Amino acid sequence: MRQIRQILRLVRDGVSAREIGRMLGVARSTIQDNLRRAEAAGLAWPLPAELTDDVLEDRLFTHAGVRRGFRRRPKPDWSALACELKRPGVNLMVLWEEYRETHPEGYGYSRFCDLFREFERRLSPVMRQDHPAGDKVFVDYSGKKIGIVDRETGVVREAEIFVAVLGASSFTYAEATWTQTLPDWIGAHVRMFRFFGGVPRLVVPDNLKSGVHKASVYDPEINRSYGRMASHYGVGILPARPRKPKDKAKVEAGVRFAQSYILGRLRRQTFFSLAEANEAIAGMLTRMNDHVMRRLGLSRRQLFETVERPALAPLPDTDHEFAEWGFARVSLDYHVEIAGFFYSVPHQLIRQQVDTRLTARMVEIFHRGKRVAVHQRRHGGRRHGTDPDHMPSSHRRYAEWTPERFRRWGAAIGPQTEALVIAILANRPHPEQGFRTCLGVLRLFKDLDPVRAEAVSARAVAVGALTYKSIASIIAAKLDRAPQAEPAAVLTHANLRGSDYFH
């Protein structure tokens, strides 16, 4: 369903079915079939926010028809045509007309050209790439790094250099980031779009793990967080093929030029922060983009302002907020683990796979395209964040237990019992682990008079018997009547532990 949403968005932006098929690795016939289904269902981009994956699937595929077969047509000798095309005055229109004279039932001109281009690609020819204005921006990291010195320790830490080059004007953006990880990678794109003041149609990255989850010649899998950033700006992602540097020759040349123009001129400067380095890089970028290119007699900035900027799509109203997407499976306690903390979902989703969205401030959890839980992100404190509405009714009663409630319960019997409760809870890594022990102890004390319960509690604290079984043994063996050593001192110690624990 995510792929169908992307198809509808790209069609809205004027991308043809053939190009969408190449971008997504899907047959053009499949793209066209999905578009026909969407048109029949009255769906177009943007889709309603409340349209979940289940509803979308139902509206598109409930009445699936029978797929039509394909008509086979005679194929020309592509290798002979490739040789003919080298002759002066011969183009594909001439070759197609000669082909149709021989095979009137053959391919149409459009399909003929497509098949010939596919044959050319199998030959791996060296071709000049022409980039229309506003069409593509090529992005990559430079292999060279820039050193930044820690003022206090003198340790030099190397930062990465992100480089982006627009296809038509070669207008260049560069900045230093600490790493190539997903937050830095996406953050660099956000700042790049802001620098350009607009958005091209496509972004062509290398197969960096932060951008491409699974590299493939035919079906690259885009990182979901990267894909969400692209959706925010309405831009398509077209990764370069693995081990095919000609797919991104523009940025390769831009990286080399940036390395010599920026890093070469900054090699003798010492930087003490990332901000200082980026300020110096910005100065070099201005000088580089204003430099007049010898063959054209124009600068990159002049080309950008006159040719490329008018063709860029406008920026959205707000910058993209980085969010890390992932998958999780709901455990038996109806929580999912995200970044070392546990967040609850409705208990009906136990064992279901969900999508997680993590930002600096909040955690969102989705099931089949529908948000089922939202939590404030935890950076410290207790590891579990639980919404009472997500619990079964029996668990809600358990959630009402608190250390202070057990302490008051014990204090109602006497100070020694209160000290025992404090000691039991303080003896566990987490207080919840002592709740059931306290319940068991208080249940044992229901059949005892308060005087004996106080004596049992004092004895248990004195000998360190802080489990249900050991306290039950004290009662059964009547050990509470045995002489004790300095009970007051023991009580004081227990109270100190409790004071430290609760306050």
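Residues numbered from 1 in each chain as written. Predicted model: local features only at pLDDT ≥ 70, side-chain atom pairs only at ≥ 80, totals over all residues. Heavy atoms only, no water.

Glancing now at the sheet that holds strand β17 (residues 384-385). Reading across the sheet, the 3 strands line up as β12-β13-β17 and stay open at both edges, with mixed pairing between neighbours. Of all the strands in the sheet, just β12 (335-338) and β17 have a single pairing partner and so form its edges. Examined bridge by bridge, β12 and strand β13 (residues 341-344) share 4 bridges and lie antiparallel to one another. Bridge assignment links I338 to a residue of β13, and that residue is F341. (Pairing = 2+ DSSP bridges. Helix = DSSP H or I, 4+ residues; strand = E, 2+ residues; numbered from the N terminus.)

Bringing unusual backbone geometry into the picture now. Residue W45 is joined to P46 through a cis peptide bond whose omega torsion reads 5°. If you trace the backbone, P46 turns up in the loop between α3 (28-40) and α4 (53-61). Even without being a glycine, A339 presents a positive backbone phi close to 55°. The class of A339 is exposed, set by a relative accessible area of 52%. Phi at R351 is positive, roughly 75°, even though this residue is not glycine. Relative to the helices and strands, R351 resides in the loop between β13 and β14 (353-358). (Buried < 20%, exposed > 50% of the residue type's maximum accessible area, 1.4 Å probe, protein only.)

Below, the discussion takes up the environment of A27. Topologically, A27 is positioned in the loop between α2 (17-24) and α3. Along the chain, A27 and A17 lie 10 residues apart, while their C-alpha atoms are 9.1 Å from each other.

Before going further, it helps to spend a moment on the nonpolar core. Core analysis: the biggest nonpolar cluster contains 47 residues, and V139, F162 and M192 have the highest contact counts within it. Looking at this core, the elements with two or more residues in it are β1 (136-141), β2 (146-149), β3 (156-166), β4 (172-177), α8 (182-196), α9 (224-233), α10 (249-266) and α11 (274-290). Judged by nonpolar contacts, the second largest core, of 22 residues, contains F406, L439, A453 and A465. (Core = buried A, V, L, I, M, F, W, Y, C linked by side-chain atoms within 4.5 Å.)

Right, let's get into the packing of helix α15 (residues 415-426) against helix α17 (residues 450-463). Contact pair α15 / α17: the axes reach a minimum separation of 7 Å and the direction vectors enclose 40°. It follows from the interaxial angle that α15 and α17 lie oblique. In the packing of α15 onto α17, the handedness of the crossing is left-handed. Seen from α15, the contacting residues are P415, Q416, T417, A419 and L420; seen from α17, they are A453, E454, S457, A458, A460 and V461. For the contact of α15 with α17, the class distribution of residues is 7 nonpolar, 3 polar and 1 charged. (Axes fitted to C-alpha atoms, helices over the stretch in contact; angles between N-to-C directions. Parallel < 35°, antiparallel > 145°, perpendicular 65-115°, else oblique. Left-handed = near helix turned anticlockwise from the far one by under 90°. Contact = heavy atoms within 4.5 Å. Nonpolar A, V, L, I, M, F, W, Y, C, P; charged D, E, K, R; others polar.)

Take the sheet that holds strand β11 (residues 324-329) next. Backbone hydrogen bonds are what pair the strands of a sheet, in a parallel or an antiparallel way. With antiparallel pairing, 4 strands are arranged side by side in an open sheet as β11-β14-β15-β16. A strand with exactly one partner marks an edge of an open sheet, and here the two such strands are β11 and β16 (370-376). Ignoring which end each strand starts from, the neighbouring axes of this sheet average 25° apart. When β11 meets β14, the two strands line up antiparallel, connected through 6 bridges. What sits directly across from W325, in β14, is R357.

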